[in-house]
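Each chain, written out:
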Amino acid sequence: RLAGMRAAAETARRAGDDPTRAPLPPVAVALAGSAGQSLGAFLGDGIALTLDGDAQDYVGKGLHGGTIALRPPAGSPIAAQPERHVIAGNTLLYGATGGALYAAGQVGERFAVRNAGAHAVVEGCGDHGCEYMTGGVVLVLGAIGRNFGAGMSGGVAYVHAGRPRHEADDAGADGLGGRIQRDAVRIDPLDDALDLPLLRALLGAHHAHTGSPRANALRDVDDATLRARFWKIVPDPASQESTASAQDLAAMQRRVLDRLRGDGDDRGDGKRPTYAPQSTATAQPSTTQRITLAPSTAASVS
């Protein structure tokens, strides 16, 4: 449990509170196998955590920086169609305020509950996705469960429609099977100037971090196809839960897009972070810092 949290705490301790101090070198952590609960909890800036395997509940709980990537092991049968398989449990990104999560596979219930600032890409989620979300950007490349967006007061979610939008009918069969919580959120058209570039950046980042075949296929389609395949879900200003104006949402989207471009995450070259399986599960970042993950999954920085 809690793999990566001690590394995050040690990195924060060394960085200190002095804003004039130069940032520490980035730290890369490579893991393989099945992670226990709360993988990457409270992870901060400068740490990239990559897991070739699967994880239990609460991945990225309290995330406020850094990057978590979950992907099937290279060469496994699951890697060809990860969107058909579950890669992580329930309640991912609970209370997150920053950072990024990329999961090449489906995740469980209450994905991004109380997310306040992280951006994330998954390939399907269970019931109550984006519940009580107050900020951040979420992209779901597959099916969603019921009650999506309940109590959502901020942030933006892009959801794969499952079928082209022009096939939706007037009875509310919006391609999402009526699984959106209509009392709290609404579906808006995609904006060419902001939504489409952000969608492409997220798809490129997801593919770069996880090698996702689904993201790779979607990132190369034309704008018309992208508009037809995705719904933009935002808080309904008329609902009691909504606290974000259209200007606030647009500013938040631009910040995420700027971060993706600044990090190079939208390069879309399909390169996976370097990982060589080792029997000791030891990651050797190309920096002066080294993180060793013991069999108990406790982490230390030296």
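To be clear, the structure that these remarks concern was listed above.
Residues numbered from 1 in each chain as written. Predicted model: local features only at pLDDT ≥ 70, side-chain atom pairs only at ≥ 80, totals over all residues. Heavy atoms only, no water.

**Some remarks on the environment of glycine 98**
- In this fold, glycine 98 is placed in strand E4 (residues 98–103).
- Counting along the chain gives 38 residues from glycine 98 to glycine 60, while the straight-line C-alpha distance between them is 10.0 Å.
- Aside from chain neighbours lying at most four places away, what touches glycine 98 is Leu63, His64, Gly65, Gly117 and Ala118. (Helix = DSSP H or I, 4+ residues; strand = E, 2+ residues; numbered from the N terminus. Contact = heavy atoms within 4.5 Å.)

**Details of the nonpolar core**
- Membership of the largest hydrophobic core comes to 47 residues, with the highest contact counts inside it found for Leu39, Leu70 and Phe111.
- Among residues more than four places away in sequence, those in contact with leucine 70 are Leu39, Leu51, Val59, Ile87, Ala88, Leu101, Tyr102, Ala103, Ala104 and Thr210.
- By size, the runner-up hydrophobic cluster in this structure holds 29 residues, among which are Leu141, Ala201, Leu203 and Ala250. (Core = buried A, V, L, I, M, F, W, Y, C linked by side-chain atoms within 4.5 Å. Buried < 20%, exposed > 50% of the residue type's maximum accessible area, 1.4 Å probe, protein only.)

**A closer look at the sheet that holds strand E9 (residues 230–235)**
- With mixed pairing, nine strands are arranged side by side in an open sheet as E1-E2-E3-E4-E5-E6-E7-E9-E8. Each edge of the sheet is formed by a strand with only one pairing partner; in this case those strands are strand E1 (27–35) and strand E8 (185–188). Strand-to-strand twist across the sheet, computed as the mean angle between neighbouring axes with direction ignored, equals 15 degrees.
- Of the pairings in the sheet, the one linking strand E2 (residues 47–55) to strand E3 (residues 64–71) comprises five bridges and is parallel in character. What sits directly across from threonine 50, in E3, is alanine 69. (Pairing = 2+ DSSP bridges. Axes fitted to C-alpha atoms, helices over the stretch in contact; angles between N-to-C directions.)

**Let's talk about the packing of aromatic side chains**
- Per the counting criterion, the structure on display carries one aromatic pair.
- Between tyrosine 58 and tyrosine 94, the aromatic rings sit 6.5 Å apart at their centres with planes inclined by 90 degrees, giving edge-to-face as the arrangement. Of this pair, tyrosine 58 sits in the loop between E2 and E3 while tyrosine 94 is found in the loop between E3 and E4, placing the two residues 36 residues apart along the sequence.
- Taking relative accessible area as the criterion, tyrosine 58 reaches 30% and is therefore assigned partly exposed.
- Residue tyrosine 94 is classed as partly exposed on the basis of its relative accessible area, which comes to 36%. (Phe/Tyr/Trp six-rings, centres within 6.5 Å; stacked < 30°, edge-to-face > 60°.)

**Thoughts on the pairing of strand E6 (residues 134–140)**
- Extensive coverage of E6 is indicated by the burial of six of its seven residues.
- Two strands pair when backbone bridges link them, and strand E5 (residues 116–122) and E6 are joined in this way by five bridges, in the parallel orientation. The residue bridging alanine 116 from the neighbouring strand is glycine 135, located in E6.

**Overview of unusual backbone geometry**
- Of note in the backbone geometry, threonine 91 takes a positive phi value of approximately 60 degrees without being a glycine.
- With phi around 65 degrees, histidine 128 is a residue other than glycine that occupies positive phi space.

**Focus on the state of the cysteines**
- Applying the stated criterion to the full structure yields zero disulfides.
- Looking at the unpaired cysteine 125, the closest cysteine sulfur is the one in cysteine 130, lying at 6.7 Å.
- The class for cysteine 125 is buried, based on a relative accessible area of 7%. (Disulfide = S-S within 2.5 Å.)

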